[in-house]
Amino acid sequence: MSPCPRPLPGARMIAGRPFPFRLEPGRAALVIIDMQRDFIEPGGFGASLGNDVSHLAAAVGPTRALLDAWRTRAWPVVHTRESHTPDLSDCPPAKRHRGCPKLRIGDPGPMGRLLVRGEPGCEIVPALAPQPGEVVIDKPGKGAFFATPLADELKRLGATQLVFAGVTTEVCVQTTMREANDRGYDGLLVEEATASYFPAFKAATIEMIVAQGGIVGWCAPLAAVLEGIA
Ligand code: TIU
């Protein structure tokens, strides 16, 4: 029986679940989901929903390690921001009025209007700030393919594999990974580089991704990714 996955000249094998991930240098974009102050810092959108935002800080350092590794190799990097236009015309009322938050999307908070483009809270945290040449996708939904040019940008970059980091694991990260899976991308989630307000949901998401022979994709620890590409 042939090994699974088959070796490919030049590819880097990453020890992941449910199988080794065969990373093709230059074709694997690092996709960092929504590492914004609005989710990670007190006083933002995440906190307005009643969440303990301290759970997310742990993902910043590991995501920075991935970002450094990708930048060193000049491999493609994509950052996303969950965000809305100032007139909120791209924010469905169903999203804005869901639940009983302390503040709603567009309301003024300590970091400016929640989830509104151009406001301080909407920006990516300084440690992960995009550099010139990196793609930044503003997305009105949880998934990064919905109502955005992400697919066109990935085509332009020649990316057929996506390595995921970001927050939150079971909301925007998982939604985007599932969207990517249906569009034919191989997706790998880096475990320490993602976080949830609910640690149990993060753990469950990882299991959902790798179950059934990788029904959504692959997961791997940061060390396995860094070793595999070294
Ligand atoms: N609430 C929550 O867990 N997440 C979001 O609203 N957006 C993202 O996951 N980025």
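Residues numbered from 1 in each chain as written. Predicted model: local features only at pLDDT ≥ 70, side-chain atom pairs only at ≥ 80, totals over all residues. Heavy atoms only, no water.

## Brief notes about the overall build of the chain
Point 1. Helix and strand counts for the chain come out as 8 helices and 10 strands.
Point 2. Taking 2.2 N^0.38 as the reference for a compact globule, 230 residues should give roughly 17 Å; the C-alpha atoms of the chain span a radius of gyration of 17 Å, in line with that estimate.
Point 3. Projecting the C-alpha coordinates of the chain onto the three principal axes gives extents of approximately 60 × 35 × 30 Å.
Point 4. Burial status across the chain gives 50% buried among its 230 residues.
Point 5. Across the chain, contacts joining residues at least 24 apart in sequence account for 71% of those joining residues at least 6 apart.
Point 6. Surface summary for the chain: the accessible area is close to 10,100 Å², and the carbon and sulfur share equals 58%.
Point 7. Each charge class in the chain can be summarised by its mean position, and for the 24 positive and 24 negative side chains these summaries are 2 Å apart. (Helix = DSSP H or I, 4+ residues; strand = E, 2+ residues; numbered from the N terminus. Rg over C-alpha atoms; globule rule 2.2 N^0.38 Å. Buried < 20%, exposed > 50% of the residue type's maximum accessible area, 1.4 Å probe, protein only. Contact = heavy atoms within 4.5 Å. Areas by Shrake-Rupley, 256 points an atom, 1.4 Å probe, with all protein chains shown as cover. Lys, Arg positive; Asp, Glu negative; His and termini not counted. Charge placed at Lys NZ, Arg CZ, Asp CG, Glu CD.)

## A few points about helix H8 (residues 222-229)
Since the α-helix advances by 3.6 residues per turn, residues separated by three or four positions end up pointing in the same direction.
Point 1. Within H8, the full set of buried residues consists of Leu222, Ala224, Val225, Gly228 and Ile229. All buried residues of H8 project into a common sector of 165 degrees when viewed along the axis, lining one side.
Point 2. On the buried face of H8, the contacting elements are strand E1 (12-14), strand E2 (21-23), helix H3 (60-73), strand E9 (186-195) and strand E10 (218-220). (Arc of directions from axis to C-beta.)

## Digging into H3
Point 1. Given a rise of 1.5 Å per residue, 14 residues ought to cover 20 Å, and the 20 Å separating the end C-alpha atoms of H3 matches this to within 8%.
Point 2. For H3, every residue scored as buried is listed here: Val60, Pro62, Thr63, Leu66, Leu67, Ala69 and Trp70.
Point 3. With its phi angle positive at about 55 degrees, alanine 74 sits one or two positions after the end of H3. (Expected span 1.5 Å × (residues − 1).)

## What about the pattern of salt bridges?
Point 1. Summed over the entire model, instances satisfying the criterion amount to 13 salt bridges.
Point 2. Residue glutamate 207 pairs with arginine 17 through a salt bridge whose shortest N-O separation is 2.9 Å. In this pair, glutamate 207 is assigned in helix H7 (residues 199-214) and arginine 17 in the loop between E1 and E2, connecting sequence segments 190 residues apart.
Point 3. Look at arginine 17 and you get partly exposed, because its relative accessible area is 35%.
Point 4. The partner of aspartate 68 in a salt bridge is arginine 64, with the nearest N and O atoms 2.8 Å apart. Pair noted here: aspartate 68 and arginine 64 are both in helix H3, with a separation of 4 residues, about one helical turn.
Point 5. Residue classification places arginine 64 among the partly exposed residues on the basis of a relative accessible area of 34%.
Point 6. Within the structure, one salt-bridge network assembled from shared partners comprises Arg81, Asp90, Arg117, Glu123 and Asp138. (Salt bridge = Lys/Arg side-chain N within 4 Å of Asp/Glu carboxyl O.)

## Comments concerning the sheet that holds strand E3 (residues 28-33)
Point 1. Judged by pairing direction, the sheet is parallel, and its 6 strands sit side by side in the order E7-E4-E3-E8-E9-E10 without closing on themselves. Each having just a single partner strand, strand E7 (135-139) and E10 make up the two edges of the open sheet. Taking the axes of each pair of neighbouring strands and ignoring which way they run, one obtains an average angle of 25 degrees across the sheet.
Point 2. Sheet topology places E3 next to strand E4 (residues 77-82); 4 bridges connect them, and they run parallel. Bridge assignment links isoleucine 33 to a residue of E4, and that residue is threonine 80. (Pairing = 2+ DSSP bridges. Axes fitted to C-alpha atoms, helices over the stretch in contact; angles between N-to-C directions.)

## Quick look at the environment of glutamine 131
Point 1. The topology assignment puts glutamine 131 in the loop between strand E6 (112-113) and E7.
Point 2. Considering only alpha carbons, one finds glutamine 131 and arginine 71, 60 residues apart in sequence, at a separation of 9.4 Å.

## A look at the site of the ligand
Point 1. Close contacts around the ligand come from Asp34, Phe39, Phe45, Leu49, Glu82, Lys142, Val167, Thr168, Val171, Cys172 and Tyr197, and that covers them all.
Point 2. Threonine 168 is positioned with one of its side-chain polar atoms (N or O) 2.8 Å from an oxygen atom of the ligand.
Point 3. With respect to the ligand, the backbone of cysteine 172 contributes an N or O atom lying 3.1 Å from an oxygen atom.
Point 4. Considered class by class, the residues forming the shell around the ligand number 7 nonpolar, 1 polar and 3 charged. (Near = heavy atom within 4 Å. Polar contact = N/O pair within 3.5 Å; in protein donor to acceptor, adjacent residues only side chain to side chain. Nonpolar A, V, L, I, M, F, W, Y, C, P; charged D, E, K, R; others polar.)

## A look at the pairing of E4
Point 1. The element E4 is extensively covered by neighbouring structure, given that 6 of its 6 residues are classed as buried.
Point 2. Across 5 bridges, the pairing between E4 and E7 is parallel. Opposite valine 78, over in E7, you have valine 135 as the bridge partner.

Read these as spatial facts, not as claims about activity.
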